[in-house]
Amino acid sequence: MMRQASGELVVTTNGQGLVLITGQVRHWVEAQDMSLGLLTLFCRHTSASLLIQENTSETARDDLERFFRHIAPESDRYAHADEGADDMPAHLRTALTATTLTIPVSGHRPVLGTWQGIYLFEHRRAAHRRRIAAHMMGE
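Residues numbered from 1 in each chain as written. Predicted model: local features only at pLDDT ≥ 70, side-chain atom pairs only at ≥ 80, totals over all residues. Heavy atoms only, no water.

> Looking at this structure, how should I read the packing of aromatic side chains?
Centre-to-centre distance and the angle between the planes together describe a pair of aromatic rings. Within the structure shown, the criterion is met by two aromatic pairs. Centroid distance F67 to F68: 5.5 Å. Interplanar angle 90°. Geometry classified as edge-to-face. Look at F68 and F121: their rings are 5.4 Å apart centre to centre, the planes differ by 90°, and that puts the pair in the edge-to-face class. With F68 in helix 2 (residues 58-71) and F121 in strand 7 (residues 116-122), the pair connects residues that are 53 residues apart, well separated along the chain. Classification of F121 by relative accessible area gives buried; the value is 3%. (Phe/Tyr/Trp six-rings, centres within 6.5 Å; stacked < 30°, edge-to-face > 60°. Helix = DSSP H or I, 4+ residues; strand = E, 2+ residues; numbered from the N terminus. Buried < 20%, exposed > 50% of the residue type's maximum accessible area, 1.4 Å probe, protein only.)

> Whenever I open this one, the nonpolar core confuses me. Can you help?
A general feature of soluble globular proteins is that nonpolar side chains tend to end up buried together. Among the nonpolar cores identified, the biggest contains 21 residues, and V25, W28, L39, L41, L50, L120 and I132 are the most heavily contacted of them. Among all residues touching V25, those that are not within four sequence positions of it are L9, L39, L41, P110 and I118. (Core = buried A, V, L, I, M, F, W, Y, C linked by side-chain atoms within 4.5 Å. Contact = heavy atoms within 4.5 Å.)

> Is there a simple way to explain the environment of I118 in this structure?
Mapped onto the elements, I118 comes out in strand 7. Note on I118: relative accessible area 0%, which makes it buried. Residues I118 and A72, 46 residues apart in the sequence, show an inter-C-alpha distance of 22 Å.

Now the structure itself:
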C-alpha cells in the first residue's frame, strides 16, 4: 500500500562549504520503513543549497567550492548586502545550484551511484543551522 512520510533534517554548518548529509538522509529514509519509493529533499533557505556530488575526493569538493567563489565573488558591486559582503554572493550561488533533490529509494535506501554523496552546500561564511524538509512516498 502506498504511504507518505514527512519530516525535517537539521544540519549544522561551520561556514562556507559542502557538508556531507548522506548518512543523515539514509537514516531518515530507513526509519520510514518503505522499501521502494521516491524521496524529495527541500532546503528551506536562500543562501544554502543541495547537491549530489563526488563523495570520495576532497580535491573535487575543494575545486567546486573554489569555482563558486570565482563565479559569485564577494564584492562591493552588489546593491543587496543587508547581512554583509557574503549575502548576495550566497543568493547567487543558491540560484545556480538546487534547493530540491528527488532521489529514488530501493531496499530502504536512497539509490545513489558508487561515488555520489548528498551535500548541503553552505554559501555563507558564518555557521548556521539549516533545515531540510524531507518527504517520501512509497511502499
